[in-house]
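Examination of the molecular architecture
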Amino acid sequence: MAKSQISLTVNGKTVEALVEPRTLLIHFLREQLMFTGPHIGCETSHCGACTVDLDGKSVKSCTVFAVQANGSDVRTIEGMAAADGSLHVLQEAFREMHGLQCGFCTPGMITRAYRLLQENPSPSEDEIRMGISGNLCRCTGYQNIVKAIQYAAAKISGVPFREAAE
Amino acid sequence: MNDQTPTSAQRAEALQGMGCRRKRVEDIRFVQGKGNYVDDLKLPGMLYGDLVRSPYAHARVKKIDTSKAAAVPGVVAVITAETLKTVNLAWMPTLAGDVQMVLADGKVLFQNQEVAFVIAESREAAADGVELVEVEYEQLPCNVDPLHAMSDGAPVIREDIKDKKEGAHGPRKHYNHVFAWAAGDKAATDAAFAKADVTIKELIVYPRCHPCPLETCQCVASFDKIRGELTLWGTFQAPHVIRTVGSLISKIPEHKIHVIAPDIGGGFGNKVGAYSGYICAIVASIVTGRPVKGVEDRIENLSTTAFARDFHMDMEIAATKDGKVTAMRCYTIADHGAFDACANATKWPAGLFSIISGSYDFPVAHVLVDGVYTNKAPGGVAYRCSFRVTEAAYCIERAMDIMAQKLGMDPAEFRVKNLIRREQFPYTSAFGWQYDSGDYQTAMNKAMETVGYKKLREEQKAKQEAFKRGETRDVMGIGVAFFTEIVGAGPSRNCDILGIAMFDSAEIRIHPTGTGICRLGTKSQGQGHETTYAQIIASELGIAADNIMVEEGNTDTAPYGLGTYGSRSTPVSGAATAMACRKIKAKAQMIAAYMLEVHDDDLEWDVDRFRVKGNPERHKTMTELAWAAYHEVPPGMEPGLEAVNYYDPPNFTFPFGAYICVVDVDVDTGETKVRRFYALDDCGTRINPMIIEGQIHGGLTEAFGIAMGQEIHYDEDGNVTTASLMDYFLPTAVETPKWETDWTTTPSPHHPIGAKGIGESPNVGGVPCFSNAINDAFKFLGSTHIQMPHDAWRTWTAAEKLGLHA
């Protein structure tokens, strides 16, 4: 199959590549660029394990062709920590609040939460739940994921985090 | 002692041992996207496999033409049953003593059954090849209703064994019969029913559902022809079992098979079994001499590997007029699909279903289970429960509610009256299980007080009156469940898989500088084993948890173990870990005595050191003793500081809990709002409360999914209609309720650290609690039992049948 030339930014670095027109962005990221953080959990855009940030929006990269990302700025979980290796506050928050178990949904969930907090820096609990409803988790029951996002939101805004009583 | 010297308590806290809300070690890699899952693996020269699957539930395979597929650029080979026959692998033995087709051999027996395996240079080329494999089918009548499987003239599912009168578990009474299994005292039970004041009988159906972990089943097989060695990476909850079964099936000597289970993206039972895709990948690697990756997609996962439940239970309870239970009996039809590939302990074709007498003091009881073949997927697993325990818990907890209703008693009050009393432990049930420990009344009372049970019932009464007056269209339900599990399989006298006793193991090596590694036969799929096993060692050996590395999933380095499922990691490998620690500690004590020039008995343990009794200034810490073990051991003693323990548990453990939930159901839409869910669990000694709470949140969410919507549904032609996330209900953050957790602690008397296991309790207790709440909401309108799942459509239909929409 004839290949197309694409050029895009992934986690801050320019990438030039040849891809088949049918190559999905998730396969391009995972198998050509070896960014294996985003995962594949379904193929119907329901689970959100493949969520990445594309030009300032959360997208499910299993439903985007790599050629559609031509010229875009893509960020995956691998681009979340600072250059010196220190964790993003959301990464720290997920660990602090026990917001993950098997870790399979986590990269997509954190990437989605990152965009959610860009869109709404101090979301209510309901807004968080709605905001991550495109990302499925089979392990945690979401309660601690919600808490982790609240923790991160508080920390980013510089307000004290008060854990709601269970 | 100067002020800088840490106290014993401070030193104990620094260890992060048992009881500590220790943050998880695993998370550091997972939050950075640096987990190492099977599909992340990319080996040089690796090929990709993809399966051709049957569109029919039951059909003869007349012809398979692979020529067009083989001509697709990038396709390397196409494997069919004919290819597999050349290596004697067209069929494989199952864990349950049956045999199963690896690829369709003459017939297909369920929709999406594996028919051919296409191997190609890329995923895409393999998928192109799958499209071009031409299969000619002749459709046959099919049956997906287990209640009709043994009727006259039912389609013959298994032609290969249709005349066999004897199955793996005794006589077969019909060509679609798998096994009959009974427990309890039938005569005494029938006699008790004959003279009972009050009886109830209800067909309670636990529909077929699926564990659906977020990561599907997948593997990479790499056969090295020169060395004759196979390396198999895979999503395996039980890596050693896969190695042994792999060796028995492939005839590759077991020492030449290396099974590696890297990080696993959730299991919940789905990843216990050995599936056709694995065998195909192994054969493909042998044939091509290159590594071969096989990854299920979601539809393949939901429709072909590891269903759960499908138990159809005719349940009866007998009681006295004043509400004391006198007997129970249950006749069950179990739908095992087209092959009996259930992942059970081999001697237990219906698992531990005889825990069905639950938490109540039944003098006599009897169960009979008939397993049947249908045109559905094989491979039954325990979806986040011990073998068939959740079916049993659901059945008894629904039945207790139905009996309470008939007696006109409150369901909680009826339970309290019949709970096994504290002084009866260890308690032998009517089925012969010896429940290790429990304090059921305390748990139940605490639950009822915390939620304000009496007030809730008063509120419900007022709401019911308001409903009758037409002031509201909501009905309020209060669900109560008190469950007892049987987990930690298991004692070798009860349990084996293909003859291998269900022990588990731990091997601990303490290094000269006082840090160490622990390797185990279990395999975490998100439970946090790397964190919690280290906490056990920290408390046992006085070495900080941060200084212990925990490693699982590599059969070359880990001692043999039966894997992680049935809440067995803590009860079995957790015990092995503690016992291995105690061997190390005993040796360390001898070294300390030698160094301090005192008798062993003159020493006492203090958190992280041995000290001389009455003279605590004279001591040797574990760090010092570790160094000494490699440097100055007593004369005649072997150097080194390591131990291995294979733990054969003397009994199962019996975690329990009291759950209460409150729902409001809109009778016009069938929508249910969960107002409150309170879960009190008793898992014995608690190792890491943070992880326990996380396990409960997750298990309750799965229970919510099962009770409120999950079903693997087949239409009458055998088409599976719920095989994608479009149709199979996985709760999102929006509909998932908020969970309240609580606990009591009743240690297991036979477990070295008193722990019982927690991961599966919330699934076992949660499902009946939700179902009881929905049923409770409609009870005052004359309803007795509404079947799961309680999605809006079914609930609306139930309301319609009750005439509520007139």
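Residues numbered from 1 in each chain as written. Chains lettered and ligands numbered in written order. Predicted model: local features only at pLDDT ≥ 70, side-chain atom pairs only at ≥ 80, totals over all residues.

Secondary structure assignment for chain B yields 19 helices and 34 strands. In terms of overall size, chain B behaves like a compact globule, its C-alpha atoms giving a radius of gyration of 28 Å where 806 residues would be expected to give roughly 28 Å. Taking all contacts inside chain B whose residues are at least 6 apart in sequence as the whole, residues at least 24 apart take part in 79%. (Helix = DSSP H or I, 4+ residues; strand = E, 2+ residues; numbered from the N terminus. Rg over C-alpha atoms; globule rule 2.2 N^0.38 Å. Contact = placed C-beta atoms within 7 Å.)

The next thing to look at is the domain arrangement of chain B. Residues and elements named next belong to chain B. We note that the domain assignment places domain 1 (9-37 + 504-647), domain 2 (42-140 + 228-245 + 272-295) and domain 3 (311-489 + 652-801) within chain B. Centre-to-centre, using C-alpha coordinates, domain 1 lies 43 Å away from domain 2. For the side of domain 1 that touches domain 2, the residue count by class is 3 nonpolar, 7 polar and 1 charged. (Domains from an automatic or database assignment. Nonpolar A, V, L, I, M, F, W, Y, C, P; charged D, E, K, R; others polar.)

Looking now at the sheet that holds strand S6 (residues 107-108) of chain B. All names here are of chain B. A sheet is described by the order of its strands in space; here 3 strands give the open sequence S6-S2-S8, paired in antiparallel fashion. Whereas interior strands pair on both sides, the edge strands pair on one side only; in this sheet they are S6 and strand S8 (134-139). When strand S2 (residues 59-65) meets S6, the two strands line up antiparallel, connected through 2 bridges. The residue of S6 that forms the bridge with Ala59 is Val108. (Pairing = 2+ DSSP bridges.)

What follows is about the sheet that holds strand S3 (residues 51-54) of chain A. All names here are of chain A. On the basis of which strands lie adjacent, the open sheet formed by 5 strands has the order S2-S1-S5-S3-S4 and mixed pairing. Edge strands, defined here as strands with exactly one partner in the open sheet, are strand S2 (13-19) and strand S4 (57-60). Across this sheet, the average inter-strand angle for adjacent strands is 40°, counted without regard to direction. Relative to strand S5 (residues 73-75), S3 runs antiparallel, the two sharing 2 bridges. Looking at the pairing, Leu54 lines up with Val74 of S5. Packing of helix H3 (residues 106-119) onto the sheet brings it into contact with S3 and S4, and relative to S3 it is tilted by some 35°. (Axes fitted to C-alpha atoms, helices over the stretch in contact; angles between N-to-C directions.)

With that settled, the discussion passes to the interface of chain B and chain A. Chain B puts 45 residues into the contact, and the matching count from chain A is 46 residues. Looking at the side of chain B that touches chain A, the elements that each hand over two or more residues are helix H2 (27-30), helix H17 (689-708) and strand S34 (740-743) of chain B. Split into classes, the residues belonging to the side of chain B that touches chain A amount to 15 nonpolar, 16 polar and 14 charged.

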